[in-house]
Amino acid sequence: MTRLGYTKYVAQGGDWGAVITDTMGVQEPQGMVGIHTNMPKVIPPAIEQAIAAGNPLPSDVVLADDEQRRAVEQLDFVYRHVYYAYMMASRPQSLTAFADSPVGLAAFLIDHDAESLALISRAFAGVKEGLSRDDVLDNITLFWLTNTAVSAARLYAENTTPFFGVRGVSLPTAVSVFPDELYQAPRSWAEQAYPNLIHYNQLPKGGHFAAWEQPELFVGELRTGFRSLR
């Protein structure tokens, strides 16, 4: 950013971008004044470690309210059904169908999680809300023409950090919670995970790929969340 001439900037991320954005927030590079995330890292470490391992929550973990209990249930569902992630993490070099069959690539890409699959399926059922058929096909075509699906999958194998656990970001942080995200981050956990929380909002619609599916709502969140840092 310095080479580009920026002395003050922010970072935003969802999905893997959320992992990167939180990492930048921990590193606090010169000039970065805040972050925005739509997949916040707020799950207390003991809870994420237990769920990821398929174990019961530790006896000393107390869930304070329905929001926290719902988040734990959603996260437990995610870890029980993210087989695509397990495949890419354990056998990225074996996913040859990605480079051999556009239909195989398409089938894998659209089945990310249950809610996203439902949102994507609407486009092919004629529902004019969120994504269009061209949006979905353009995304698949990007991976197909560049032949980058297999190399992109290696990120899961090389990652050594938890997906949803607290990172220790102290920079000003804005959080947007979309209803069809993998889990809805409770405000109480967001306040603990991001002690300098400057914005928290629950949106009426949108899912895991909010920037793609609901761009107007998403941009509105960025403008509102970062307004105090301008």
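Our structure is the block above this text.
Below or above, wherever it landed, is the structure these notes cover. Treat the numbers as computed from the prediction; the structure is a model and nothing was measured. (Residues numbered from 1 in each chain as written. Predicted model: local features only at pLDDT ≥ 70, side-chain atom pairs only at ≥ 80, totals over all residues. Heavy atoms only, no water.)

## Quick look at the side chain of D15
In plain terms, the rule: In DSSP terms, a helix is any run of H or I states spanning at least four residues, a strand is any run of E spanning at least two, and both are numbered starting from the N terminus. Throughout, exposure labels follow a simple rule: accessible area from a 1.4 Å probe, protein chains only, divided by the maximum for the residue type, with under 20% read as buried, over 50% as exposed, and the rest as partly exposed. Residues scored as positive are Lys and Arg, those scored as negative are Asp and Glu, and His as well as the terminal groups of each chain are ignored. A carboxyl oxygen of Asp or Glu within 4 Å of a side-chain nitrogen of Lys or Arg is what we treat as a salt bridge. In the analysis that follows, any N or O atom pair within 3.5 Å is treated as a polar contact, provided that within protein one partner can donate a hydrogen and the other can accept it, and provided that, for residues neighboring in sequence, both atoms belong to side chains. Throughout, a residue-residue contact means that at least one pair of heavy atoms, one from each residue, lies within 4.5 Å.
With respect to the helices and strands, the residue D15 is situated in the loop between β1 (9-13) and α1 (16-27). For the buried D15, no salt bridge is present, and the opposite-charge side chain at shortest range is K41, 8.1 Å distant. At a separation of 2.4 Å, a polar atom in the side chain of D15 contacts the side chain of H208. Aside from chain neighbours lying at most four places away, what touches D15 is M39, K41, H112, H208 and F209.

## Considerations on helix α12 (residues 215-226)
Short version of the rule: An expected span of 1.5 Å times one less than the residue number is assigned to each helix.
Given a rise of 1.5 Å per residue, 12 residues ought to cover 16 Å, and the 16 Å separating the end C-alpha atoms of α12 matches this to within 8%. Where the residues of α12 are buried, they touch β1, β2 (32-37), β3 (173-177), β4 (197-202) and α11 (210-213).

## Remarks on a nonpolar patch on the surface
This is how it is decided: Any residue with relative accessible area above 30% and no salt bridge may belong to a patch, with like charges joined within 9 Å and the nonpolar Val, Leu, Ile, Met, Phe, Trp and Tyr side chains within 5 Å. Each accessible area value is a Shrake-Rupley result obtained with a 1.4 Å probe; residue values ignore everything except the protein chains displayed when judging cover.
Taken together, the side chains of M1, L4 and Y6 present a nonpolar region at the surface, about 350 Å² in accessible area. On the secondary structure map, Y6 appears in the segment before β1.

## Remarks on the nonpolar core
Applicable threshold: Here, nonpolar core refers to any group of buried Ala, Val, Leu, Ile, Met, Phe, Trp, Tyr and Cys residues whose side-chain atoms link them within 4.5 Å.
One finds V42, I43, L75, F164, Y183, W189 and Y194 to be the most contacted residues of the largest nonpolar core, which totals 45 residues. Ranked by residue count, the leading element in this core is helix α3 (residues 66-81), at 5 residues. Apart from the residues lying within four places of it in its own chain, the contact partners of W189 are V42, I43, P44, I47, L63, Q68, A71 and V72.

## A word on the pairing of β1
Definition in use: When the strands point away from the viewer and the path from the first strand over the helix to the second turns clockwise, the crossover is right-handed.
A one-sided burial pattern is seen for β1, the buried positions being Y9, A11 and G13 and the unburied ones V10 and Q12. For the crossover from β1 across α1 to β2, the handedness is right-handed.

## Focus on a positive patch on the surface
Going by this rule: Where a charge lies is defined by one atom per residue type, namely NZ (Lys), CZ (Arg), CG (Asp) and CD (Glu).
A cluster of basic residues, K8, R223, R227 and R230, forms a positive patch on the protein surface. Its place among the elements puts R230 in the segment after α12.

## Structural notes on unusual backbone geometry
Its identity as a non-glycine residue notwithstanding, E28 has a phi of 50°, on the positive side. You can see E28 is positioned in the loop between α1 and β2. Positive phi, normally seen in glycine, also occurs at N147, with a value near 50°. Among the structural elements, N147 can be located in the loop between α8 (133-146) and α9 (149-158).

## Observations concerning the environment of H208
Secondary-structure assignment places H208 in the loop between β4 and α11. Spatially, the C-alpha atoms of H208 and Y194 are 20 Å apart, while their sequence positions differ by 14 residues. Once you skip the residues sitting within four places of it in the chain, H208 turns out to touch D15, N38, M39, H112, D113, S116, D180, E181 and L182. At 2.5 Å, the side chain of H208 forms a polar contact with the side chain of E181.

## A word on the packing of aromatic side chains
Put simply, the rule is: Any Phe, Tyr or Trp ring, taking Trp's six-membered ring, that has another such ring centre within 6.5 Å forms a pair; planes under 30 degrees apart are called stacked, those over 60 apart edge-to-face, and the others tilted.
Considering all chains together, one arrives at 10 aromatic pairs under this definition. Note on W16 and Y156: the rings are 5.1 Å apart at their centroids and 90° apart in plane angle, and the pair reads as edge-to-face. On the criterion of sequence distance, the pair formed by W16 in helix α1 and Y156 in helix α9 is long-range, its members being 140 residues apart. Comparing W16 with Y156 shows no difference in burial state: the two are buried.

## Points about the sheet that holds β1
Either a parallel or an antiparallel arrangement is found when strands of a sheet pair, and the pairing is made through backbone hydrogen bonds. Note the following rule: Note: two strands are recorded as paired if DSSP finds a minimum of 2 bridges between them. Think of each axis as a best-fit line through the C-alpha atoms, taken over the contacting stretch in the case of a helix, with angles from 0 to 180 degrees between the N-to-C directions.
Ordered by their spatial adjacency, 4 strands build an open sheet running β1-β2-β3-β4, and the pairing between neighbours is parallel. Sheet topology places β1 and β4 at the edges, where each strand pairs with a single neighbour. Averaged over all pairs of adjacent strands, the angle between strand axes in this sheet comes to 10°, irrespective of strand direction. Of the pairings in the sheet, the one linking β3 to β4 comprises 5 bridges and is parallel in character. Bridged to A174 within β4 is H199.

## Details of the environment of A85
Among the structural elements, A85 can be located in helix α4 (residues 83-90). Residue A85 is classed as buried on the basis of its relative accessible area, which comes to 7%. Sequence spacing of A85 and D138 is 53 residues, and the spatial spacing of their C-alpha atoms is 22 Å.

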